[in-house]
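So the chains spell out like this:
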Amino acid sequence: MKQNQNQKKGNQKQNQGQQKRPPQQKGGQQAQGQAKGTAQGQNPASPRSPAQPKSPTPASPPRAQSPADAMQVDPAPQPAPPQKQPDQNPEDKLLQKDKTSSDYYWNSYAHFSIHEQMLKDRVRTNAYKRSIMENAHLIKNKVVLDVGCGTGILSLFAAKAGAAHVYAVDCSDIAIQAQQIVIDNGFKDKITVIHSKMEDVTLPCKVDVILSEWMGYFLLYESMLNTVIYARDRFLAPGGVILPDKASLYIATVEDAEYKAKKIEFWDNVYGFNMGCIKKVAYIEPIVDTVNGECLNSLPCRFFTIDLNTVKESDLSFTAPFQLKATRTDFAHALIAWFDVDFSRVHKPLSLTTSPKAPYTHWKQTVFYLEDVLILSEGDTISGTIDVRPNQKNPRDLDIKINVDYEGKWNEVHKTQEYLLR
Ligand SMILES: C[S@@+](CC[C@H](N)C(=O)[O-])C[C@H]1O[C@@H](n2cnc3c(N)ncnc32)[C@H](O)[C@@H]1O
């Protein structure tokens, strides 16, 4: 991705398109205003955020719920469920005329705009397209299951690559459009769209291939991986293929004085008033935003890897050590994390990376501000551990605890900070 040449130093990449930040970012604080981080010309609403209701606006900010959540017991006061029309015209249903803004609020994946943003993330969609279309030997004459099909894009790729049959499952109302898309593209006999929660589906046979785009911010936010694990254990034939089949998380230090001042220190003095109590909350919430790869000042460390063929739900709560080597003398204001997924069972192995040094993806990076700035000298080692587990109250949120042990030439930091990705 091209960087703005005049970019100031700081963690967030210069915006080359829209200057506005998402009004609500999934999995982290909102980053607002003229900040440097919004990625190039992307639609400001995050594909992973619930659609924002125009009216009425509930008092509390929307959680990044999946439609699956929305179908379950209400976690909090919610708008009254919409009255379903008993004899709804199928045309109206396809046009989603029955939907109000509050429906979209609780069922964000029902609205096409979220899918539009995901489809327009070309890095993401092309990685899947290539892994399927350039590896037709994995798909041809095989039975394929698309977990969380959305518009059906991965199912369409699979059908085009010669799948014997594709089961495309989605619990959100986008499945109604997926069905129409399948018909309109001539794949009615090849793709069966199932409008249901994956966990409630019965299939007539085992499947040879599972396709899914399940990754949330910081890889694990949103916990959709649990659904893929469920589908694998229930439906994948022995020796079957999962695409992608590997995922890893990375961490590094970053110089970010300017943006940290804007987002955190801001609260120390607001029109002459001390609002430091908000600063404490601001520290807790990691920020999902684009980071300028040039502001990394340590080598990255991979601290978590999973194999989709064997991973268990319990593996998704973990404590991992990390060691980072400083690459220059500099301040480290934050740790940042990102992920890769690999399609390694293909002829030409392929990776989808969300690294700050790679082209933009809608997952951006996740920034964890440090209360104590590290003063790095080139070659120093920063040791630490990162503990990640689903939040007990809302398992789609993540509790993340980072311990840093640093004994540098200029300062020492031994500190544990707790974060909540929500
Ligand atoms: C990230 S989107 C991916 C959509 C599509 N596969 C694509 O690549 O554009 C994930 C989809 O999974 C669906 N989903 C999430 N949890 C699900 C579950 N438990 N059962 C069925 N669908 C689910 C959501 O409704 C959403 O449409």
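See the structure printed just above.
Note that the structure is predicted; figures quoted are calculated from it, not measured.

S.K.: Looking at this structure, I do not really get the site of the ligand. What am I missing?
M.R.: Close contacts around the ligand come from 24 residues, with Y109, G148, G150, S172 and M198 the closest. Secondary structure elements with two or more residues in the shell around the ligand: helix 1 (67-71), helix 4 (112-120), helix 7 (153-160) and strand 2 (165-170). Among the elements that line the shell around the ligand, the one with the most residues is helix 4, at 3 residues. A breakdown of the residues in the shell around the ligand according to their chemical character gives 13 nonpolar, 7 polar and 4 charged.

S.K.: I would appreciate a short explanation of the sheet that holds strand 13 (residues 381-390) in the present structure.
M.R.: Sheet strands line up and pair through hydrogen bonds in the backbone, either parallel or antiparallel. Taken together, 4 strands build an open sheet; the order of strands is 9-13-14-15 and the sheet is antiparallel. Only two strands of the sheet have a single neighbouring strand rather than two, namely strand 9 (318-325) and strand 15 (412-421). Here the average twist between neighbouring strands, direction ignored, is 15°. The sheet contact formed by strand 9 and strand 13 spans 8 bridges and is antiparallel. Pairing of F318 across the sheet is with V388, part of strand 13.

S.K.: Where do I start with helix 5 (residues 122-133) in this structure?
M.R.: For an α-helix the count is 3.6 residues per turn, leaving residues at separations of three or four pointing the same way. Among all positions in helix 5, only R124, A127, Y128, S131 and I132 are buried. In an axial view of helix 5, the angular spread of the buried residues amounts to 120°, which keeps them on one side of the axis.

S.K.: Would you take a moment to explain the sheet that holds strand 4 (residues 207-212) for this structure?
M.R.: Ordered by their spatial adjacency, 5 strands build an open sheet running 3-2-1-4-5, and the pairing between neighbours is parallel. In the strand order of this sheet, the two ends are held by strand 3 (191-195) and strand 5 (236-243), each with one partner. The average angle at which neighbouring strand axes cross in this sheet is 20°, direction not considered. With 4 bridges joining them, strand 4 and strand 5 adopt parallel strand pairing. If you follow I210 over to strand 5, its bridge partner there is I242.

S.K.: Help me out: how do you make sense of unusual backbone geometry in this one?
M.R.: Most peptide bonds are trans, and most residues other than glycine sit at a negative phi. Cis geometry is adopted by the peptide bond preceding P244, which originates at L243 and carries an omega value of -5°. With respect to the helices and strands, the residue P244 is situated in the loop between strand 5 and strand 6 (246-254). In the Ramachandran plot, N141 falls in the positive-phi region, its phi being about 65° despite a non-glycine side chain. One can find N141 in the loop between helix 6 (136-139) and strand 1 (143-147). With 11 C-beta atoms counted inside 10 Å, the residue N141 sits in the exposed group. Non-glycine residue L219 carries a positive phi angle of around 65°. Among the structural elements, L219 can be located in the loop between strand 4 and helix 9 (225-235). In this structure L219 comes out as buried when scored by C-beta crowding, with 26 C-beta atoms within 10 Å.

S.K.: I tried to follow the environment of V123 on my own but got confused; where do I start?
M.R.: As for its position among the elements, V123 is in helix 5. V123 gets classed as partly exposed once you count the C-beta atoms within 10 Å, which come to 16. Considered as a pair, V123 and Y360 are 237 residues apart in the sequence and their alpha carbons are 7.6 Å apart. Not counting residues up to four positions away in its chain, the partners in contact with V123 are L352, P359 and T361.

Calculation criteria
Residues numbered from 1 in each chain as written. Predicted model: local features only at pLDDT ≥ 70, side-chain atom pairs only at ≥ 80, totals over all residues. Near = placed C-beta within 6 Å. Helix = DSSP H or I, 4+ residues; strand = E, 2+ residues; numbered from the N terminus. Nonpolar A, V, L, I, M, F, W, Y, C, P; charged D, E, K, R; others polar. Pairing = 2+ DSSP bridges. Axes fitted to C-alpha atoms, helices over the stretch in contact; angles between N-to-C directions. Buried ≥ 20, exposed ≤ 12 C-beta atoms within 10 Å, placed from the backbone. Arc of directions from axis to C-beta. Contact = placed C-beta atoms within 7 Å.

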